Amino acid sequence: MKKDYIRLTAIITSLILLAFVIIEGLYTYVTATKIMNEKMALAENHALKLSSIARVDNTDNIIHMAYYEFKLQSQYCRNDDIGFYGMIKLDDGKVVESGDFVEVMSVSKDNSNKFDYRYFPVSSDFKRENSFISYFDIDAMCDDNFIFNGKFSYHEQDPKNFSKYNTFEYTIGDNELASIENAVPVSEWQGDNNLHAEYYKMAQTKYEAKLDKQAKKQLAEVRSKIDKGYVFKIYQDAYTFYYVGEVSDEGSMQKKIDSGQIVSYIQYKLGTSYYIKHSCINSSTDNAFLCYVFHPLELAFRSHIFLYIMSLIAFIIIEAFVIVMMRKMYGNQMSYELMRQDLTRSIAHDLKTPLAVTKAYTENWEYIDEEDRHEYAEKLNAEIDNMVSVINNMLNMSKLDSEKDIKLEEVELYSMTSEIYERMKPIINERGLNVKLVTDVLGGKYVAYADPKMIKIAISNFITNAVKYAESRVAIKFLCNEKKITFMVTNDGQCISKKDIKRIWEPFYKVDKARTDRMGSSGMGLAINSSILRLHKAKYKCISSNNETSFWFELKKVK
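A quick note: this is a predicted structure, and the numbers were derived from the prediction, not measured.

Undergrad: Quick question: what am I supposed to make of the overall build of the chain here?
TA: The helix and strand inventory of the chain stands at 15 helices and 22 strands. Buried residues in the chain amount to 41% of all 559 residues. Restricting to contacts in the chain with at least 6 residues of sequence separation, those with at least 24 account for 66%. Split by element, the accessible area of the chain, about 32,300 Å² in all, is 54% carbon and sulfur.

The structure is reproduced here in structure tokens:
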């Protein structure tokens, strides 16, 4: 039996686990798909700005427009869930690529609103939180686009002492995109104008920096496939051509790139999705690319981590509940089996003696003297009555298994108890007991909702037990409040142990078998009462201490 319960528990827990995996899997799939579509739309929207670069007519303007786009990406288009990498391949083979940079702007003092810009890329050594740089000095060279080969010193207020300024120096290195032949000192370019500087950081967090590196790597992989003739199968959507993997003739692919037919490369995958925007500039050798990369599944987990944790906790609680309930069911089954065995032994024991006596009388009936047969007949009838009583009690127990057998109506409990008390007076007097019937309201009525036949059996059984086991006194009490009526019967005598109190409501269970056998108890009375009171949904209990034992129950009062 234990193996069966273990096997059943394993099956149920496995099914629950499977259900959780399926539900969480579907939820994650739907969530990740939604995120993938949203991020792809966002990437496409950002990448549309590349079209402004495609319309310029000279290299200098291309560089300026490229940094303008990088600046927009850093300021407004940045999303911490999408990696970004921008690259413009110029006709001389040089590459302008995105990264952290400082923009230096020359502003005329004559209010003519003339602006001129120069840039210099910076590495991770450039430590600064704020974008706008108020106080700085530049000792370096510059051409029409870049500042290079020199020093950049900037000053910041000490956060602990506002009257003090700390100075930081950054070395500006060479720049292969710069024109050394046309280079002049920054001071000469500045002239009488004012200089302003602003720092643009492409990645605000380590996670963004990691995504940016992945975007650069993803673009390199796609371009490598294109160079090898791995072409993306074309389909058109709103005048934009998209491609999915397919090997084709390298020459025809190059023609599509040169002519600008190939605009976007897209990968929709829950693991890693990317959007690459391509545009031809001026000539067949000028190409601009923007790459956006993101991980829909990872974003789904990160954005709903609390939900996943709560789901895991719920799964653990449900699994624990199932295991506990299965163990409880197994324990109840074992208890039932033990009780069934005890019940079988008790029935056999209670029927064995009268059957043996009856058999003996019937076997010796022909040898009994005529004058003694009347006495033997009475004894034989008594034994048969005893067996009938046991069987009737068992039949009564079987009838008390369903609420359909109960018929509630208004019952006056005190008068019913008085009748039972009067009927038992001969036994009470024979045993010389002091029995009192006590109420908390003089002449009060104790009307409750109950089945009259069933509740009469319960009260009679309680009083009969109290009289049977009392040493000298019995008290029958009625108490009531606005909602409940309490019936209690108390007798003195030997107490019931805590171990026995837990089992006295079981069929055929006897606290003192020698004593109950001597008094003619079948052990069914309290079991019948328990069934009756459960059908009435009544509270009931046994309390035994200090040489007193009390049985009580509560019923709903009729208002």
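Undergrad: Just checking my understanding: could you explain the sheet that holds strand E22 (residues 548-556) for this structure?
TA: Backbone hydrogen bonds hold the strands of a sheet together, and the pairing may be parallel or antiparallel. Reading across the sheet, the five strands line up as E17-E19-E20-E22-E21 and stay open at both edges, with mixed pairing between neighbours. Lying at the two open borders of the sheet, with one neighbouring strand each, are strand E17 (434-439) and strand E21 (540-545). Sheet twist, expressed as the average angle between the axes of neighbouring strands with direction ignored, equals 15°. Pairing of E21 with E22 involves six bridges; the strand directions are antiparallel. Directly across from Lys541, in E22, lies its bridge partner Trp552. Along the sheet, helix H10 (residues 413-423) makes contact with E17, strand E19 (473-480), strand E20 (484-492) and E22, crossing E17 at roughly 170°.

Undergrad: Could you clarify how one ought to interpret a nonpolar patch on the surface in this entry?
TA: The grouping of Ile305, Phe306, Ile309, Met310, Ile313 and Ile317 at the surface amounts to a nonpolar patch, some 590 Å² of accessible area in total. Along the chain, Phe306 falls in helix H8 (residues 305-363).

Undergrad: Please clarify how the packing of H10 against helix H12 (residues 452-469) should be interpreted in this entry.
TA: Pairs of packed helices are described in terms of their axes, by the angle between the two and the distance that separates them. Closest axis-to-axis distance for the H10/H12 pair is 10 Å, and the angle between their directions is 50°. Looking at the two axes, H10 sits oblique to H12. Taken as a pair, H10 and H12 cross one another with a handedness that is right-handed. From H10, Leu413, Met416, Thr417, Glu419, Ile420 and Arg423 reach across to H12, where they touch Pro452, Ile455, Lys456, Ile459, Ser460 and Ile463.

Calculation rules
- Residues numbered from 1 in each chain as written.
- Predicted model: local features only at pLDDT ≥ 70, side-chain atom pairs only at ≥ 80, totals over all residues.
- Heavy atoms only, no water.
- Helix = DSSP H or I, 4+ residues; strand = E, 2+ residues; numbered from the N terminus.
- Buried < 20%, exposed > 50% of the residue type's maximum accessible area, 1.4 Å probe, protein only.
- Contact = heavy atoms within 4.5 Å.
- Areas by Shrake-Rupley, 256 points an atom, 1.4 Å probe, with all protein chains shown as cover.
- Pairing = 2+ DSSP bridges.
- Axes fitted to C-alpha atoms, helices over the stretch in contact; angles between N-to-C directions.
- Patch = residues over 30% accessible without salt bridge, like charges linked within 9 Å, V, L, I, M, F, W, Y side chains within 5 Å.
- Salt bridge = Lys/Arg side-chain N within 4 Å of Asp/Glu carboxyl O.
- Parallel < 35°, antiparallel > 145°, perpendicular 65-115°, else oblique.
- Left-handed = near helix turned anticlockwise from the far one by under 90°.

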